[in-house]
Structure formats: C-alpha cells, structure tokens
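Residues per chain, in single letters:
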Amino acid sequence: MEGKMLARIAAIIFVAFAITATVIEMTRKDEPVRSASAPALAPSADPLRAAQRRCQQMGEAAARDPECLRIWAETRDRFLGRTSTSVTPQSSED
C-alpha cells in the first residue's frame, strides 16, 4: 500500500469514530440529579473557630494580644492531641 492510501484509511477511520462518538453522545439520556436521601449534617458551632477568625482579622496586632496567644496555644494543643494545661512558660533568666 502506498502512503496516500494509508492516510485515507486513517482519515476514514477517524471520521467514523467521530461520528459514532457524536451519535452516542446525542442519544444518551441524562439522568435527573438525585437529591441526597439523608440530610447533610450541619457542623456544630465551635467557639474556638470564631475566636480564631477574630484574631485573624486583627492582623499584626493579634501577635501582642494575650487572648489571641491563648487561642493559638489551644488550637496548637488540639491539633497535636495534647490536653491543654495552664502551664506558663518559664523565663530563661538564670
């Protein structure tokens, strides 16, 4: 076979494939979207989350705010799975 003949056969196969895909797509019926059978659970209100948002909105001033420092320590303890303790950091002035 010559190169032109192979190119024609490839083009015919490509066109046949494109037509078949188009026909399949056009005859496919879309199923209606099913609504969830169980209601979605609403997350419980977390007061720590609201305090984190407040500290986030404070910007740089939050680094000097004792309440934000306490919130961040509590968040860190929760993330690391530690129980929050009221231990104050000791100064290293020996």
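On a predicted model such as this, the values are computed, not experimentally measured, just so you know.

Reading the values: rules and limits
Residues numbered from 1 in each chain as written. Predicted model: local features only at pLDDT ≥ 70, side-chain atom pairs only at ≥ 80, totals over all residues. Heavy atoms only, no water. Disulfide = S-S within 2.5 Å. Helix = DSSP H or I, 4+ residues; strand = E, 2+ residues; numbered from the N terminus. Buried < 20%, exposed > 50% of the residue type's maximum accessible area, 1.4 Å probe, protein only.

### Re the state of the cysteines
Next up, step 1: As enumerated under the stated definition, the model contains one disulfide in all.
Next up, step 2: The disulfide partner of Cys55 is Cys68, and the S-S distance across this bridge is 2.1 Å. Judged by the torsion about the S-S bond (-100 degrees), the Cys55/Cys68 disulfide is left-handed. Of this pair, Cys55 sits in helix 2 (residues 47-58) while Cys68 sits in helix 3 (residues 66-80); the two residues are 13 residues apart in sequence, bridging distant segments of the chain. For the pair Cys55 and Cys68, one class covers both residues: buried.

### Examining the environment of Glu74
Next up, step 1: Relative to the helices and strands, Glu74 is located in helix 3.
Next up, step 2: In this structure, the C-alpha to C-alpha distance between Glu74 and Leu48, residues 26 residues apart in sequence, is 8.4 Å.

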